[in-house]
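Structural overview
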Amino acid sequence: MKYLTDARDNNSWWGIYQCLNGDLVSMAYLDFVDRFIEANPRTFNHPSFSGERKTILYMDGDSFTWHLHDSDIIGLDSFCYFQRNHGLKYHLDTSKRNVLVIEVSERYLQSYFTGLQMFNEVLDTSARKRDVAGIYLTSINSSYTASLLPSVSADDFFNKYINQNLQCNLFNYNFIMPMFETKAALNYYIFNRASGDVVISNDRNFLFFRETVSKTDMGSSYYPVSTADAAHIVDVLNGIYEHYKVAGFAEVYFSVIPNSATIMQPEGYNQLIPMVQNDTRLRMKLIDAYSVFKQSHDVYYLPGDTHWNHKGKQLWLDMLNARLVRDSLVQ
Amino acid sequence: MTFNSLQFLVFFMVVTLWFFSLSNQKGRILLLLIASCYFYMAFIPEYILILGGTIVIDYFAGMLIEKSEGRSRKAWLIISLIANIGVLAVFKYYNFFIDNINSSFLFFGKATSIPLLKMALPIGLSFHTFQAMSYTIEVYRKNHPAERNFMVYALYVMFYPQLVAGPIERPQHILPQLKEFRPYDWNNVKEGLARMLWGFFKKVVIADRLAMVVDRTFGHTQESSSLALATGAIFYSFQIYCDFSGYSDIAIGAAKVMNVGLMENFKEPYSSSSLHEFWSRWHISLSSWFRDYVYIPLGGNRKGPWRKRVNILIVFLLSGLWHGANWTFIAWGLLHGLLVILLTRPAFSKAANSNKTGALIKVVINFILVTLLWVFFRSENIAAAWHYIKRIGSLQTGSNYVGVNKIELMFSVLLIAIMLYREKYLRSHAIASNTRFYFYFGAMVVICYFFGVFTENQFIYFQF
């Protein structure tokens, strides 16, 4: 599909305002505040491996694990990434070791694992695993692009993101940016806060996405959760584990990436991740980013973004690689 | 779709321009009906079926009531009322009722658990249900003939400016206006737009700014100082006023642009010197609904002082329940009822003072009373409300942080003062001069954009 925005020259006055300095910086139009901007390289250590590459790693992840390559993970024959997109039908190559990693940001932990059926269907065992990658590419095009123009469908009119789509299509031009930045500067310098859905951390060094710090949002680090809520998530995860083990995966790993507020501003944290991860009934093996991030004195998050920085992602990759070796899934 | 969204601005422009491009009322009614359906479906599309169902029932009930006499006339009215109240009972009160039954069983040691319904409350349900009931009651009372044209009747219930948060209209006021073709009138457009902008100002510049303080203090009661909590409570009084009256202003303005006059819903409620007066100035369309359809049929003040007091209590209890299925709303309604009864007794009335200082003191005392009662309305449960009020009264030390910096706090106070001044001394929204209108329009757009707080906060009264 060709979008009107594709035809823009991004450097011209009617070009698109581009998110270059972090998603939260972009949302709050705070590009003029240096402290929220940090370079974030996207290349990672390539683990050395001399054995036979017999492992296929499937990653059911979200934006934290975008842009990963085969070479970032140890000993892979191939790497298939599908964003949280269920109802997929795919084929396992049983001549290889198939490993599934389910990665989820903390802010989606409750919403994804309390109601949704996270089941993809394994059709047969012929070697057609690449189907998944194909489906992933199709799905990202249809779901994640502001698409009011030129193709308009009924879904666009009842889309919960219609206001964002309208803003993107009506106002996302370079020549309007000074107006947005003036408002952002007014709020930042006079009222000491950010605009819209972005909140400045108590130490004023980080930006947080409002829904990760609001007490009324399920994705928040401070949203009240009970042990029953956590137990329910564990039940769902165990069901998912059973499903994929029966389908033929050698192992299923689970990893929650903490909200930046969970680590950087832990007072009042609802303890959701430890409640889930420490439940002895949980059958999935963990890539436990929470404990490692929490104990470390390093900073693993970008100051102006909802995501981790290069150091955080590298640490997580190291944990994943170590786990695969330890569990003899790459040899 | 909320009024304070980009989606609404686009929707409003498209619908209004299309509306005036049509040269007959039939087309306009059809357009407004389709637009209203879309407006409602933008929240949860499936719930249009519930609204549609009650519209069909009330439409036929209206005609059957008109045709019948005696007991069958009453029977059709009762069927219509049961249908409307039934929808309210299922969607709004069922879970509250069952939750309390389950809790009672638990209290007596029986772990019976009747399942709750897992569904969201249809938006604005209490508003359009009450408007629909007003139609069948008025037809029953022969104050208005039954509407033959289904589309017109459907539009009476669904007219998008007042569909989800009122004002709750009466058929004799709205139906004739919906049926009459009225040509484009620039003066109405100017007045309507000016009023809408004032409503936007109250919502996005004042109410949503005050919400930051209110959310902070009500969310951190334990560690906040009494001063912070009192500030939060006072700000909530103004937040809910600016939020709800702002919605009414936008609704009345949007309708005015299309040459439809809606009833006024607020008249400076915080300048009231008694709770009785407050209720004649706050949410007038609901207060008058309860007066006309509950209080007077119960006997009003015609059956002696004790019966009058009981009637007042019933009305305020229902008013509390109307707002929400929670003990906090019931407590809020009952407390208002009790205080209206107590404070209108002759002993208190004699305290009335005709001089300005005395009158001002009464206004201040009444405002404090209303503010304290709003704490019940805002809190999650009665214990939390009581705790909040107790902490204000016990002059506790604690954090004075109220969620915004001092400049924004002072700015908020200034905005409240501007709002009160404007509503007391500059009430009219009609601007005769075009130049002045364009200047006002431009200035208000700039102010709303630069000083507005845009977090997609829904209007508080949408939940009702």
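Residues numbered from 1 in each chain as written. Chains lettered and ligands numbered in written order. Predicted model: local features only at pLDDT ≥ 70, side-chain atom pairs only at ≥ 80, totals over all residues. Heavy atoms only, no water.

**Structural notes on the side chain of R107 of chain A**
All names here are of chain A. By secondary structure assignment, the location of R107 is in helix α2 (residues 106-112). Looking at R107, its side chain comes within polar contact range of the side chain of E211, at 3.4 Å. Those residues in contact with R107 that lie beyond four places of it in its chain are F209, E211, T212, G219, N259 and T306. (Helix = DSSP H or I, 4+ residues; strand = E, 2+ residues; numbered from the N terminus. Polar contact = N/O pair within 3.5 Å; in protein donor to acceptor, adjacent residues only side chain to side chain. Contact = heavy atoms within 4.5 Å.)

**Thoughts on the interface of chain A and chain B**
Contacts between the two partners involve 22 residues from chain A, matched on the other side by 24 residues from chain B. Here chain A and chain B share 1 salt bridge between them. Among the salt bridges present, the one from R193 of chain A reaches E408 of chain B, with a minimum N-O distance of 2.6 Å. The tally of links from chain A across to chain B stands at 8 residue pairs in polar contact (both at pLDDT 80 or more). For the side of chain A that touches chain B, the secondary structure elements donating two or more residues are α5 (162-171) and α6 (177-190) of chain A. Broken down by element, the side of chain A that touches chain B gets its largest block of residues, 7 residues, from α5 of chain A. (Salt bridge = Lys/Arg side-chain N within 4 Å of Asp/Glu carboxyl O.)

**Concerning the packing of aromatic side chains**
Across all of its chains, the model carries 80 aromatic pairs over all chains by this definition. Consider the rings of F180 of chain A and Y449 of chain B, whose centres lie 6.1 Å apart with planes at 45°: the pair is tilted. Of this pair, F180 of chain A sits in helix α6 while Y449 of chain B sits in helix α18 (residues 434-451), each in a different chain. Taken as a pair, F180 of chain A and Y449 of chain B share a single burial class, namely buried. Between K183 of chain A and the ring centre of Y449 of chain B, over which it is positioned, the NZ or CZ distance is 5.0 Å. (Phe/Tyr/Trp six-rings, centres within 6.5 Å; stacked < 30°, edge-to-face > 60°. Buried < 20%, exposed > 50% of the residue type's maximum accessible area, 1.4 Å probe, protein only. Lys NZ or Arg CZ within 6 Å of the ring centre and 35° of its normal.)

**Considering helix α2 (residues 25-41) of chain B**
Over its 17 residues, α2 of chain B extends 24 Å from the first C-alpha to the last, a length consistent with the 24 Å expected when each residue adds 1.5 Å. With a side-chain oxygen lying 3.2 Å from the backbone nitrogen of K26 of chain B, the N-terminal cap of α2 of chain B falls on N24 of chain B. (Expected span 1.5 Å × (residues − 1).)

**Re unusual backbone geometry**
Most peptide bonds take the trans form, and the phi angle of most residues other than glycine is negative. The backbone of H67 of chain A sits at a positive phi, close to 65°, despite the residue not being glycine. By the element assignment, H67 of chain A lies in the loop between β1 (55-61) and β2 (76-83). In the Ramachandran plot, H283 of chain B falls in the positive-phi region, its phi being about 45° despite a non-glycine side chain. Residue placement: H283 of chain B occurs in the loop between α10 (275-281) and α11 (284-295). Given the relative accessible area of 1%, H283 of chain B is considered buried.

**Describing the nonpolar core**
Counting residues in hydrophobic clusters, the biggest one holds 141 residues, and the most contacted among them are F8, F39, Y160, Y270, W282 and W374 of chain B. With 17 residues, helix α9 (residues 226-257) of chain B is the single largest residue contributor to this core. When sequence neighbours within four positions are dropped, the list of residues in contact with F8 of chain B reads M1, T2, F3, F39, Y160, M196, F200 and I250 of chain B. Listed in part, the 63 residues of the second largest apolar core include F64, C80, F208 and F293 of chain A. (Core = buried A, V, L, I, M, F, W, Y, C linked by side-chain atoms within 4.5 Å.)

**Side note on the packing of α9 of chain B against helix α17 (residues 406-425) of chain B**
The relative placement of two packed helices is expressed as an angle between their axes plus a distance between the axes. All names here are of chain B. Running from N to C, α9 and α17 cross one another at 45°; their axes reach a closest spacing of 12 Å. Regarding the angle of α9 to α17, the classification is oblique. In the crossing of α9 with α17, the sense of the turn from one axis to the other is left-handed. Residues T231, F235, F238, Y241, C242 and D249 of α9 form the contact with α17, whose own contacting residues are L409, S412, V413, I416, M419, L420 and E423. Tallied by class, the residues present in the contact of α9 with α17 amount to 9 nonpolar, 2 polar and 2 charged. (Axes fitted to C-alpha atoms, helices over the stretch in contact; angles between N-to-C directions. Parallel < 35°, antiparallel > 145°, perpendicular 65-115°, else oblique. Left-handed = near helix turned anticlockwise from the far one by under 90°. Nonpolar A, V, L, I, M, F, W, Y, C, P; charged D, E, K, R; others polar.)

**Considerations on the environment of A146 of chain B**
Residue and element names in this part refer to chain B. Of note, A146 is situated in the loop between α5 (125-140) and α6 (150-158). A C-alpha to C-alpha distance of 8.0 Å links A146 and Y59, two positions 87 residues apart in sequence. Setting aside residues no more than four positions away along its own chain, A146 makes contact with G62, M63, E66, Y135 and V139.

**Some details on a nonpolar patch on the surface**
Residue and element names in this part refer to chain B. Judged by side-chain polarity, V56, F60, L64, W76, I79 and F150 come together as a nonpolar surface patch covering roughly 490 Å² of accessible area. Those elements giving two or more residues to the nonpolar patch turn out to be α3 (48-67) and α4 (70-107). Here the element with the most residues in the nonpolar patch is α3; it accounts for 3 residues. By relative accessible area, which is 45% here, F60 ends up partly exposed. (Patch = residues over 30% accessible without salt bridge, like charges linked within 9 Å, V, L, I, M, F, W, Y side chains within 5 Å. Areas by Shrake-Rupley, 256 points an atom, 1.4 Å probe, with all protein chains shown as cover.)

**Some details on the packing of helix α8 (residues 186-219) of chain B against α17 of chain B**
Residues and elements named next belong to chain B. Here α8 crosses α17 at 145°, and the two axes come no closer than 10 Å. Where α8 crosses over α17, the two elements pack in a sense that is left-handed. Residue-level inspection shows W198, F201, K202, V205, I206, R209, L210, M212 and V213 of α8 in contact with α17, the latter providing E408, L409, F411, S412, L415, I416, M419, R422 and E423. Among the residues forming the contact of α8 with α17, the class breakdown is 12 nonpolar, 1 polar and 5 charged.

**Focus: the environment of M275 of chain A**
Residue and element names in this part refer to chain A. Relative to the assigned elements, M275 resides in helix α10 (residues 272-277). Owing to a relative accessible area of 24%, M275 belongs among the partly exposed residues under this scheme. Along the backbone, M275 and T227 are 48 residues apart, and their C-alpha atoms lie at a distance of 7.1 Å. With residues up to four places along the chain from it excluded, the contact list for M275 reads V225, S226, T227, A230 and N270.

**Section: the pattern of salt bridges**
Residue and element names in this part refer to chain B. Summed over the entire model, instances satisfying the criterion amount to 27 salt bridges over all chains. Across the pair R148 and E66 runs a salt bridge whose closest N-O atoms are separated by 2.6 Å. In this pair, R148 is assigned in the loop between α5 and α6 and E66 in helix α3, connecting sequence segments 82 residues apart. Taking the shortest distance from any N to any O, the salt bridge between R209 and E408 comes out at 2.7 Å. One end of the pair, R209, is in helix α8; the other, E408, is in helix α17, with 199 residues separating them in the sequence. Relative accessible area serves as the criterion here: at 0%, R209 is assigned to the buried category. A single network of salt bridges, built from pairs that share partners, joins R195, K202, D249, E264 and E423.

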